[in-house]
Amino acid sequence: MKENVEVLVTLQLDGDLVERIRKACENVNLTILPVKDVAEIPLEQWEKTEVLFTSSRALPELKHVPLLKWIQFKQAGVDRAISTPIIQDSDVIATSSSGAITSQVAEYVMMALLAFGQQLPKMMALQAEKTWPDNTWEMLMPLELRGSTVGILGYGSIGRQVARLLQPFGANILAAKKDAMHPDDSGYTQEGMGDPHGDFFHRLYPIEALHSLLKECDFVVITLPLTDETHHLMSAAEFDAMKPGAYLVNIGRGDIIDEEALAAALSEGKLAGAALDVFHEEPLPEDSPLWTLPNVIITPHVSGLRPNLMSDIVDFFIENLNRYTAEQPLYNRIDPQKGY
């Protein structure tokens, strides 16, 4: 059992969350220094820090943290930090908050699937025009989730929760993940959420078989992390491979999609629509053609927002911190070579 572990938190936490950490983790010395720039933290603090709870944008130089053993990120996606020396060139363990931010993102995905399936964008446009169409059967025929095929690219905590939420709707679920030989989830999972043992998909594909999955799907949901392998994974060839009239939802990272190719596929009618919460450049530039396409739902990277988000992230940090002091394996350990 480790004792007197020096823990530094650079995040802005409410007082009740700080007290929750103090009460739950008795073997630590907790320092809270919420800063926008890590340069504001005194060197003597860095020199004694063993555990760091921080943002992927706020990392110290490796030379300043001789005792640092573990970094807990508040984010699930760590692509902004993965190439830094402290992750790539040291023995410091890094963990993500995957599994602690799952529920609302999965509900966002369900919102998008139901909105497109029930033709909500078209109906909102008609309402704005004060139009009651004569050809409702042709124009507004819904695509039910019941009996449809939903492809989930990336079967991590978010993809698994999407699969769980889809169960009552009767959709056929196809999933793709890097290691399709291991369907179980070894990461952090909140009770009653996700798909811990891989029970909710109908077929699991390796990413290499992506085109075989795409041609079957009425809806495709992207929940993948951004890595060298997933950069522009969805480009012109993939949009050509998709089932005509399919819908796309992206809550992973913007650069997983070639936005120029997507805009072309949407404009040409190869895809019926897309819901996009993440983009290559954020905010999305005013001159992006995605803004003006009538079959696109654009949201400003908000799929993970919810009132109790930090509370759940802190609960996960407490879980991992207690495992650390007990010298047990940590959840969500990042592999620098894989990129997540």
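Caption draft 1: How the structure looks around the overall build of the chain. Helices and strands together make up the secondary structure of the chain, namely eleven helices and twelve strands. Along the first, second and third principal axes, the C-alpha atoms of the chain reach 70 × 40 × 35 Å. By the burial criterion, 52% of the 340 residues in the chain qualify as buried. Partitioning the intrachain contacts of the chain with sequence separation of at least 6 by distance along the chain shows that 65% fall at a separation of at least 24. The distance from the centre of the 27 positive side-chain charges to the centre of the 48 negative ones in the chain is 3 Å.

Caption draft 2: Region of interest: the packing of aromatic side chains. For the structure shown, the criterion picks out eight aromatic pairs. Relative to Phe316, the ring of Tyr188 lies with its centre 4.4 Å away and its plane at 45 degrees, an arrangement referred to as tilted. Here Phe316 lies in helix α11 (residues 309-325) and Tyr188 lies in the loop between β7 (172-177) and β8 (203-206), a separation of 128 residues in the sequence. Classification of Tyr188 as buried rests on a relative accessible area of 14%. Through a chain of ring-to-ring contacts, the aromatic side chains of Phe53, Trp70, Phe317 and Tyr324 assemble into a single cluster. When the ring centre of Tyr331 is taken as reference, the NZ or CZ atom of Arg323 above it lies at 4.4 Å.

Caption draft 3: Spotlight on the pairing of strand β2 (residues 28-32). Two elements, strand β1 (residues 5-9) and β2, share five bridges in a ladder whose sense is parallel. Paired with Val7 across the strands is Leu30, a residue of β2. Read as a crossover between parallel neighbours, the route from β1 over helix α1 (residues 15-24) to β2 is right-handed.

Caption draft 4: Inspection of the side chain of Thr227 at higher detail. Along the polypeptide, Thr227 turns up in the loop between β9 (219-222) and α9 (236-241). What makes Thr227 buried here is its relative accessible area of 12%. Within the structure, Thr227 has its side chain in polar contact with the backbone nitrogen of Glu229 (distance 3.2 Å). Each residue touching Thr227, except ones within four places of it in the same chain, is listed here: Lys338, Gly339 and Tyr340.

Caption draft 5: View of the sheet that holds strand β3 (residues 51-54). Spatially, the five strands line up as an open sheet ordered β2-β1-β3-β4-β5, and their pairing is parallel. The sheet terminates laterally at β2 and β5 (93-95), the two strands that pair on one side only. Neighbour-to-neighbour, the strand axes of the sheet open up by a mean angle of 15 degrees, direction not taken into account. Inspection of the sheet shows strand β4 (residues 70-73) paired to β5 by three bridges, in the parallel sense. Of the residues in β5, the one forming a bridge with Gln72 is Thr95. Helix-sheet contacts for α11 involve β1, β2, β3, β4 and β5, and the interaxial angle to β4 is about 165 degrees.

Caption draft 6: Spotlight on the pattern of salt bridges. For the coordinates displayed, the defined rule picks out twelve salt bridges. Here Arg22 makes a salt bridge to Glu19, at a shortest N to O gap of 3.7 Å. With Arg22 and Glu19 both in helix α1 and three residues apart, the pair spans about one turn of that helix. Classification of Arg22 by relative accessible area gives partly exposed; the value is 38%. With a relative accessible area of 39%, Glu19 lands in the partly exposed category. Of the charged contacts in the structure, one is a salt bridge between Lys270 and Glu268, with a shortest N-O distance of 3.6 Å. Exposure remark for Glu268: the relative accessible area of 54% places this residue in the exposed category.

Caption draft 7: Quick look at the packing of α1 against α11. Running from N to C, α1 and α11 cross one another at 20 degrees; their axes reach a closest spacing of 10 Å. Classified by the interaxial angle, the pair formed by α1 and α11 is roughly parallel. Seen along the crossing, α1 lies across α11 with a hand that is right-handed. On α11, the residues touching Leu17, Arg20, Ile21 and Ala24 of α1 are Met310, Ser311, Val314, Asp315, Phe317, Ile318, Leu321 and Asn322. Partitioning the contact of α1 with α11 into residue classes produces eight nonpolar, two polar and two charged.

Caption draft 8: Region of interest: the sheet that holds strand β11 (residues 271-276). Within the open sheet, the seven strands sit side by side as β8-β7-β6-β9-β10-β11-β12. Their pairing is parallel. Single-partner strands in this sheet number two, and they are β8 and β12 (296-298). Going across the sheet, the axis of each strand differs from the next one's by a mean of 15 degrees, ignoring polarity. In this sheet, β12 lies alongside β11 in parallel orientation, the contact comprising three bridges. Within β12, the residue paired with Ala275 across the bridge is Ile297. Against the sheet, helix α7 (residues 157-166) touches β6 (149-153) and β7, its axis set at about 165 degrees to β6.

About the criteria used
Residues numbered from 1 in each chain as written. Predicted model: local features only at pLDDT ≥ 70, side-chain atom pairs only at ≥ 80, totals over all residues. Heavy atoms only, no water. Helix = DSSP H or I, 4+ residues; strand = E, 2+ residues; numbered from the N terminus. Buried < 20%, exposed > 50% of the residue type's maximum accessible area, 1.4 Å probe, protein only. Contact = heavy atoms within 4.5 Å. Lys, Arg positive; Asp, Glu negative; His and termini not counted. Charge placed at Lys NZ, Arg CZ, Asp CG, Glu CD. Phe/Tyr/Trp six-rings, centres within 6.5 Å; stacked < 30°, edge-to-face > 60°. Lys NZ or Arg CZ within 6 Å of the ring centre and 35° of its normal. Pairing = 2+ DSSP bridges. Right-handed = clockwise from strand over helix to strand, strands pointing away. Polar contact = N/O pair within 3.5 Å; in protein donor to acceptor, adjacent residues only side chain to side chain. Axes fitted to C-alpha atoms, helices over the stretch in contact; angles between N-to-C directions. Salt bridge = Lys/Arg side-chain N within 4 Å of Asp/Glu carboxyl O. Parallel < 35°, antiparallel > 145°, perpendicular 65-115°, else oblique. Left-handed = near helix turned anticlockwise from the far one by under 90°. Nonpolar A, V, L, I, M, F, W, Y, C, P; charged D, E, K, R; others polar.

By themselves these figures say nothing about function.
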